[in-house]
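Working through the structure, step by step
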Amino acid sequence: MIYPDELGRIGAFCLAFLLAFTFRGASCELVVSPLGPTLLHALVGDNVTLAVSFTGAPDPVVLWSMGDATVGTWVINSTAPPDIANDRRNVLSMDATGSLSFVHVPLGYTSNYTVEMAKSGLGKSSVTFSLKVFDVIQNVALNEPSGSAREGAARFTLQYSMQRGVVEQQTWFFGATEIQANSHYSVEGSSLVIDRPNRSDTGRYTVLLKNPFSLVTSGVNVTVRYGPDEPVLETRPARPFYLEGDSLSVSCTADGFPPPTAEWVFGTQTTVVAYPGVLHLPRVQTSNGGLYVCTLLNAETGVKSQNNLTLNIYARPAGHSTCSVHSVNDVDLQYHCQWPGGTPPARLSFPALNATRNGVGNLSTILPASHDLDGKTVTCMADHPVELSNCSITAGTYFAFLQFIKPTTCCPPTDFSSRTTTTSFSGAPRMFLPVVTTTVDPDGKIVVTIDCLSVASPPALVLWSKGSEDIAGTAPHQISGDTAQLQIRDYIVSNFLLQNYTCTCRNPLGSQRREIQLEGPSISHSGLFTNHNGTIVTLTWEVPPTSIVTGFDVQMKGPNSQSRNLSGTQKRGSSAGFHTIQQKPGRARSADIFFLDPKLTYGFRVIPKARTTAGQPSVVQTAGPGEGLSGSAIAGLAAGIPCGLLLLVLLGGLIYMCVYLRRNKSRQTRYPKPRAVEKAVTAPAELTPHPLLTGGLSSPDSNRLRQVVFLMQHVGVECCFFGRFTVFHLACFLPQTSSERSVALPAFVPAPPVRTATIV
């Protein structure tokens, strides 16, 4: 038990002790001091000690930190060993003074180390050391990145590498000059960055690396590639455009190092050309025209420079411009002009119709049909860079013809390469002859087809009627899409013959009307040919243009014998009458009969048929030596002889009167005959048919050919002459009876005679 007196003595002692230290300048503050420099450089593997001392307190608590991490703690003079972090115990240790020691320090221990000492009641004291662990720099290489330095790039980087070592300081040199950091140069880690290198940056670059234990340099030569600049393109020969078949060359040049190679691209085609980059184009076509792109390539850096040009290669359009006119809704006229092909397409215009409207390759203009357009020549102007062309069309009662046809040529040539202008004419439908054909459909119905082949420009619209009723195209009638054909279907022939059919061809400039009266099966003409031996005969026949015929029965009358038809079948018959030996389809116009006896007489005839309905037989044609005179023939001869004698007497009297009148006329005063009369006298000789074509027989298809010739006559197909000159028609070569002609054949009309008199 401590008494108050003892406590008072202890307090007085302490106070005296404190006052004694105060007056002597001493204090109780804990102070830690380094025993050497606080910045230490160590070579990897060395032993290092961070030595410290302390004053002001006995046995303080020591705490070492590596950065922010505590690596060891200890109470000085404590019997317990220092507490070192488990992962650091093989390197770190503390001695009796609290100093931190490193055994074979590795590179990873470079850091800031702080020692802190504390004593209860006396506060804390600390000291910080900076330890840098280095390694010897070895095998340094200055590397240039893949690809050479090129002018115009965003940046160029040089980077060094080393096998081992720790760099404390690096210095870059360009030649002998130290590089200072600026807008053009910058150092980033182990690299030197050159922003936007240029040709002046070509040279030797060196890097100097050092630390307290080593110093190493390394260098590299850098060549800055530049170019190519923008290519300059030139064509030789220099022209604004070229024609098909021309040859030319295109060059592509530019400054650059190393010299660039040229790459030409046209469409999907690529052509690489060595310096100086000339592309040769022999015998160009229009397909060679267009955009040509030249790319100059620096083979070492891959830098490209590009430029392009357009080659204009033209071709003249095919042929010449052509004009036509069409009907629109049977009210308006559509003028059409075209000049197809060509590169570029020709520009077309109708200045007389619309001066502001034009087209490319094709042009159409629609105008109301009027009398002002009747006979008016409209010209289409075709403009092409290579050639100018034009064509004209006149609305009127004329038909198309081509210029430069010589009148003396009976068959105009088909080569019109010398023509530069085309003139066409349009007009109302002309006179035409309907064409009637007959067939049998799979159902057994008779199909009568009527074609109204009217030639008109603009093309005519055909309207059909039966009697007084219009035909709408419903059964049994069918009208073709172009309205030029009418088909009638029925089983009974008589139903086709009840009423007349009428076709009316009309366009905005006029119309033509024709009536068709269909006839039953009939034969209009027949003939017979015999070979020189008399064993084979060929029977020919014709039918009227509007006759309904689906087949023919060829019949023979003669001795009881076998006959062979063309197909080789045999049919027997008696000599008492006609029997059918062959059956022919409706399109047939001849039949051959074989194996006849030339010493016997045969009779042949043809029976036209419309399915099962037979028409009147043809005239009997006889082959052989004859059958002798019948009684009626003898009576005819008896009556004909007196009539023949009377005819001879009258003929003699007529000859006498002609001679008498001619003698009286020769006694009169003669005057010179005018030239017009001479021409009028001699002109009819030109209409005389060729003597080889005046026979009484027709070719098998002459009836159909006469129908076509009729159209040719009224369409105006003229072989040699035009206008008011004589028209030489093909129809003059074909025999026609008056019953078969729908209109009279054209005849020559001589000029009116001119009487002249000579005053004596």
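Before going into details, it helps to say that this report is about the structure given with it. All values derive from a computational prediction rather than experimental measurement.

Here the residue pair Gly227 and Pro228 is connected by a cis peptide bond, since its omega of 5° sits within 30 degrees of zero. Residue position: Pro228 is located in the loop between β21 (224-225) and β22 (232-236). Phi at Asn139 takes a positive value of approximately 55°, unusual for a residue other than glycine.

Bringing a nonpolar patch on the surface into the picture now. On the surface, Ile641, Leu645, Leu648, Leu651, Leu654, Ile655 and Val659 cluster together into a nonpolar patch covering about 690 Å² of accessible area. Of note, Ile641 is situated in helix α2 (residues 631-666).

Overall, antiparallel pairing links the four strands, which are arranged β42-β41-β45-β46 in an open sheet. The open sheet terminates on both sides in strands that have one partner only, identified here as β42 (469-470) and β46 (510-516). Alignment of strand β45 (residues 501-507) against β46, held across seven bridges, turns out to be antiparallel. Of the residues in β46, the one forming a bridge with Arg506 is Ser511.

What follows deals with the nonpolar core. Of all hydrophobic cores here, the largest spans 29 residues; its most connected members are Trp64, Phe102, Tyr113 and Leu131. Residue contacts for Tyr113: discarding those within four places in its chain leaves Leu50, Trp64, Ser65, Met66, Leu100, Phe102, Val127, Thr128, Phe129 and Leu131. Val448, Ile450, Ile488 and Val493 belong to the second largest nonpolar core, which has 21 residues in total.

A few words on the side chain of Ser218. Within the secondary structure, Ser218 is located in strand β20 (residues 214-222). There is a polar contact of 3.2 Å between the side chain of Ser218 and the backbone nitrogen of Leu142. Ignoring sequence-local partners within four residues, the contact set of Ser218 consists of Val140, Ala141, Leu142, Tyr205, Thr206 and Val207.

Moving on: the state of the cysteines. Considering all chains together, one arrives at four disulfides under this definition. In this model, Cys252 is linked to Cys294 through a disulfide, with the two sulfur atoms separated by 1.9 Å. On the sign convention where negative means left-handed, the S-S torsion of about -95° between Cys252 and Cys294 marks this disulfide as left-handed. Of this pair, Cys252 sits in strand β24 (residues 248-253) while Cys294 is found in strand β28 (residues 290-297), placing the two residues 42 residues apart along the sequence. The pair formed by Cys252 and Cys294 is uniform in burial state, with each residue classed as buried.

Turning our attention to the environment of Ser186. Mapped onto the secondary structure, Ser186 falls in strand β17 (residues 185-188). Between the alpha carbons of Ser186 and Trp172 there is a distance of 10.0 Å; along the sequence they are 14 residues apart. Once residues within four sequence positions are removed from consideration, Ser186 is found in contact with Ser191, Leu192 and Val193.

Turning our eyes to something else, we now look at the packing of aromatic side chains. Each aromatic ring pair is characterised by the separation of its centres together with the angle its planes make. Scanning all chains against the criterion turns up 13 aromatic pairs. With a centroid separation of 6.3 Å and 80° between ring planes, the pair formed by Phe102 and Tyr109 is classed as edge-to-face. Grouping residues by exposure puts Phe102 and Tyr109 together as buried. Ring geometry for Phe102 versus Tyr113: centroids 5.1 Å apart, planes at 75°, classification edge-to-face. Placement of Phe102 in strand β9 (residues 100-102) and of Tyr113 in strand β10 (residues 111-119) is noted, with a sequence separation of 11 residues between them. For the pair Phe102 and Tyr113, one class covers both residues: buried. An aromatic cluster is present here, built from Phe102, Tyr109 and Tyr113 joined pairwise through their rings.

To continue, consider the environment of Leu233. Here Leu233 lies in strand β22. Taking the C-alpha atoms as reference points, Leu233 and Cys252, separated by 19 residues in sequence, lie 4.8 Å from one another.

Conventions used here
For every chain, the first residue of its written sequence is number 1, and the numbers climb from 1 along that sequence. Residue-level local features of this predicted model are given only where pLDDT is at least 70; pairs of side-chain atoms are given and counted only at 80 or more, and the full residue set underlies all totals for whole chains, interfaces and linings. Excluding hydrogens and water, the side-chain values take into account all heavy atoms of the structure. Helix and strand labels come from DSSP, where a helix needs a run of H or I of at least four residues and a strand needs a run of E of at least two; each type is numbered from the N terminus. Patch members must show over 30% relative accessible area and no salt bridge, and they are joined within 9 Å when carrying like charges or within 5 Å when they are nonpolar side chains of Val, Leu, Ile, Met, Phe, Trp or Tyr. Note that accessible areas follow from Shrake-Rupley with a 1.4 Å probe, and for residues the cover is restricted to the protein chains shown. Salt bridge, as applied in this entry: a Lys or Arg side-chain nitrogen positioned within 4 Å of an Asp or Glu carboxyl oxygen. The pairing criterion for strands is at least two bridges between them, as found by DSSP. Grouping buried Ala, Val, Leu, Ile, Met, Phe, Trp, Tyr and Cys residues that are joined through side-chain atoms within 4.5 Å yields what is termed a nonpolar core. Relative accessible area decides the class of each residue, using a 1.4 Å probe on protein chains only: under 20% of the type maximum gives buried, over 50% gives exposed, and in between gives partly exposed. In what follows, residue pairs with any heavy atoms lying within 4.5 Å of each other are defined as contacts. Polar contacts, as counted here, are pairs of nitrogen or oxygen atoms within 3.5 Å of one another; within protein the pair requires one atom able to donate a hydrogen and one able to accept it, and residues that are adjacent in sequence qualify only if both atoms are side-chain atoms. Pairs of cysteine sulfur atoms within 2.5 Å are what we label disulfides. Each pair of aromatic rings taken from Phe, Tyr and Trp, with Trp reduced to its six-membered ring, is defined by centres within 6.5 Å and is described as stacked if the planes are under 30 degrees apart, edge-to-face if over 60, and tilted in the remaining cases.

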